[in-house]
Amino acid sequence: MPSRPYTYYDFTVSLCPVCLKRVDAKIVFQDGGVYMLKRCPEHGSTKVLIADDIEYYKSIRNYNKPSETPLRFNTKTHFGCPYDCGLCQDHEQHSCLTVVEVTDRCNLTCPTCYAGSSPSFGRHRTLDEVKKMLDTIVENEGTPDVVQISGGEPTIHPQLFEILDYAKTLPIRHLMLNTNGIAIARDKQFAMRLASYAPGFEIYLQFDSLKRSVLETLRGANLTEIHREALETLNELNLATTLVVTLQKGLNDDTIGDVIAYALKQRCVRGVTFQPTQQAGRLENFQTQTNRITLTEVRRKILEQTTIFNSDDLIPVPCNPDALVMGYALKLGEDVIPLTRYINPAELLDKTRNTIVYEQDEQLREKMIGLFSTGNSTEAASEKLHELLCCLPLVSAPSLGYDNLFRIIIMQFVDAHNFDVRSIKKSCVHIVSKDYKIIPFETMNLLYRDSVANVPEENLEMKQPN
Ligand code: SF4
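Reading guide: rules and limits
Residues numbered from 1 in each chain as written. Predicted model: local features only at pLDDT ≥ 70, side-chain atom pairs only at ≥ 80, totals over all residues. Helix = DSSP H or I, 4+ residues; strand = E, 2+ residues; numbered from the N terminus. Buried ≥ 20, exposed ≤ 12 C-beta atoms within 10 Å, placed from the backbone. Core = buried A, V, L, I, M, F, W, Y, C linked by C-beta atoms within 7 Å. Contact = placed C-beta atoms within 7 Å. Near = placed C-beta within 6 Å. Nonpolar A, V, L, I, M, F, W, Y, C, P; charged D, E, K, R; others polar. Arc of directions from axis to C-beta. Axes fitted to C-alpha atoms, helices over the stretch in contact; angles between N-to-C directions. Parallel < 35°, antiparallel > 145°, perpendicular 65-115°, else oblique. Left-handed = near helix turned anticlockwise from the far one by under 90°. Pairing = 2+ DSSP bridges.

S.K.: Lay out the overall build of the protein with the relevant residues and their values.
M.R.: Tallying secondary structure elements over the protein gives 16 helices and 18 strands in all. Within the protein, buried positions represent 48% of all 466 residues.

S.K.: Talk me through the nonpolar core; I want residue IDs and the actual numbers.
M.R.: With 112 residues, the main nonpolar core has Val100, Leu243, Leu324 and Val325 as its most contacted residues. Sort the elements by how many residues they give to this core and strand 16 (residues 405-411) lands first, with six residues. If sequence neighbours within four positions are ignored, Val100 has contacts with Val130, Met133, Leu134, Val147, Gln148, Ile149, Ser150 and Val432.

S.K.: Explain unusual backbone geometry to me, using residue names and the numbers behind them.
M.R.: Residue Leu87 is bonded to the preceding Gly86 through a cis peptide linkage, with omega at -15°. Between Ala198 and the following residue, Pro199, the backbone shows a cis peptide bond with an omega angle of 0°. When you line up the elements, Pro199 lands in the loop between helix 5 (188-195) and strand 9 (201-206). One non-glycine residue, Asn238, lies in the positive phi region at around 45°. The phi angle at Tyr436 is positive, at roughly 65°, despite the residue not being glycine. When you line up the elements, Tyr436 lands in the loop between strand 17 (429-432) and strand 18 (438-440).

S.K.: Outline the site of the ligand, supporting the account with residue identities and numerical values.
M.R.: Around the ligand sit 13 residues, and of these Cys81, Cys85, Gly86, Cys88 and His91 come closest. Looking at the shell around the ligand residue by residue, the class counts come to seven nonpolar, three polar and three charged.

S.K.: Explain helix 6 (residues 212-219) residue by residue, including any values.
M.R.: For helix 6, the full list of buried residues reads Val214, Leu215, Thr217, Leu218 and Arg219. Seen end-on, helix 6 carries its buried residues on one side only, within an arc spanning 165°. Check the buried side of helix 6 and you find it contacts strand 6 (112-113), helix 7 (224-237) and strand 10 (241-247). Gly220, located one to two residues past helix 6, shows a positive phi value of around 70°.

S.K.: Could you give an account of the packing of helix 2 (residues 127-141) against helix 3 (residues 160-169), with specific residues and numbers?
M.R.: Between helix 2 and helix 3, the shortest axis-to-axis distance is 10 Å and the interhelical angle comes to 30°. The orientation of helix 2 relative to helix 3 falls into the category roughly parallel. Every pair of crossing elements has a handedness; the one defined by helix 2 and helix 3 is right-handed. Where helix 2 approaches helix 3, its residues Leu127, Val130, Lys131 and Leu134 are matched on the opposing element by Glu162, Ile163, Tyr166 and Ala167.

S.K.: I'd like a rundown of the sheet that holds strand 4 (residues 44-51), residues and numbers included.
M.R.: Overall, antiparallel pairing links the four strands, which are arranged 1-2-3-4 in an open sheet. At either margin of the open sheet sits one strand with a lone partner, and together these are strand 1 (7-15) and strand 4. Within this sheet the neighbouring strands show an average axis-to-axis angle of 25°, counted without direction. For strand 3 (residues 33-40) and strand 4, the ladder comprises seven bridges, and the chain directions are antiparallel. Within strand 4, the residue paired with Lys38 across the bridge is Thr46.

S.K.: With reference to specific residues and values, describe the environment of Gln266.
M.R.: On the secondary structure map, Gln266 appears in the loop between helix 8 (256-264) and strand 11 (269-276). For Gln266, a count of 14 C-beta atoms within 10 Å puts it in the partly exposed group. Each C-alpha atom of the pair Gln266 and Asn238 lies 9.3 Å from the other, and the pair is 28 residues apart in sequence.

S.K.: Before we move on, can you summarise the environment of Ile27 with the specific residues and values?
M.R.: Looking at the element boundaries, Ile27 is found in strand 2 (residues 22-30). Given 21 C-beta atoms within a 10 Å radius, Ile27 is considered buried. Here the alpha-carbon distance between Ile27 and Val48, two residues 21 residues apart in the chain, equals 9.7 Å. Excluding its chain neighbours within four sequence positions, the residues that come into contact with Ile27 are Tyr9, Asp10, Thr12, Val34 and Met36.

S.K.: Describe helix 15 (residues 441-448), naming the residues involved and giving the relevant values.
M.R.: The element helix 15 is largely enclosed, with a buried count of eight among its eight residues. Listed as buried for helix 15 are Phe441, Glu442, Thr443, Met444, Asn445, Leu446, Leu447 and Tyr448. At its buried positions, helix 15 is contacted by strand 5 (97-101), helix 14 (421-424), strand 17 and strand 18.

S.K.: Residue-level account of the environment of Ala183, with values.
M.R.: Within the secondary structure, Ala183 is located in helix 4 (residues 182-186). By C-beta crowding, Ala183 is classed as buried, having 20 other C-beta atoms within 10 Å. Distance from Ala183 to Ala230, taken between C-alpha atoms, is 8.2 Å for residues 47 residues apart in sequence. Beyond its immediate stretch of four places on either side in the chain, Ala183 contacts Thr155 and Phe190.

Spelled out as structure tokens, the structure:
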């Protein structure tokens, strides 16, 4: 009998990468890879690699947990996903992390910028507008887990400190500032003022590479000295910092291990977040065929380029397992002890059996219990460890501080090429829009920015009216 060159696995709805209309899509396995096959009646067929690890891709479904919804939804479900953002009643996860873009402007004009920012683009949001955006998050979430003050470049907003003052009056559990680090590197007083917002405050520092050539390609500037100076100050202040790496295949995927090794040596750094480039906004120096990198490729490269983690240490995050991978380690003096492998994934599905499988090392087992529990019980320790398995970067353990944690995250934001309506409904990283809606990060950059004026008229008409 004739046969197909692939194994058919699943069916979903995606978008045409040209006109952004909804199109049917098949998920198939072929030659060790997971591909999305789709066809737009107008723009033809496309085949996109969405994962290079079939077993991992299949295992993602085992990490699903019951959906947690926001306290309220902001739009009606009417046109069909993703044209109803948001959040509409059809969304399946609350905002684990919400981004507030306080300005369109930036002190750089990076060739890679999903927001299309530059020194002259758009405007700063007024203080009242930003307050209303923050209030919107609190109305949706009650006690928001993580809020990121972002831009553009938020440090150039003339009322940044008034914004941070206001944010600190709200019941936000963890506040972050997304920055390219220029202001921190150049102005020690500015950095010291930022440090006064700790604890519960963290710098989310753009840090794509240690190499000048990579930074020039992605950022249009040699930021190596800026990074060095910013981290020197942040180390001095011990101000919690996450390094954020935008990844492109063939550009900086060979130095993932170097960035992790460097991060582990910095006193202030609590982890590294790797983000494969989302094809959205301003994107120069990028070829779809050669520069796209998938989440599973990044995961594999972390395992190949570091000695700390094994495959049990980098697992899907139950909030949104398609898009997020996490791995935790403990920094205890000079020692770096991988942690995630001691959480039994099966327990994620059965919270009533609160035990940890310490299958390897009895000594380490004792140490973990001592660190994570108030009594000598695996149950208490297990509960604390399970708290790590969500997007909130906190841990409560009597003899540990946030200083002791080192977290690896891979955060893949789908674009029109690999868009999957099944997984987008679990998106938990959101942006509060300037018209006070909460929109998934992915669909915001694809469909809902002012700058997405190149979307065909008939498709714009399909979007939720403001
Ligand atoms: S992505 Fe979520 S909020 Fe947007 S239309 Fe789909 S279900 Fe609704």
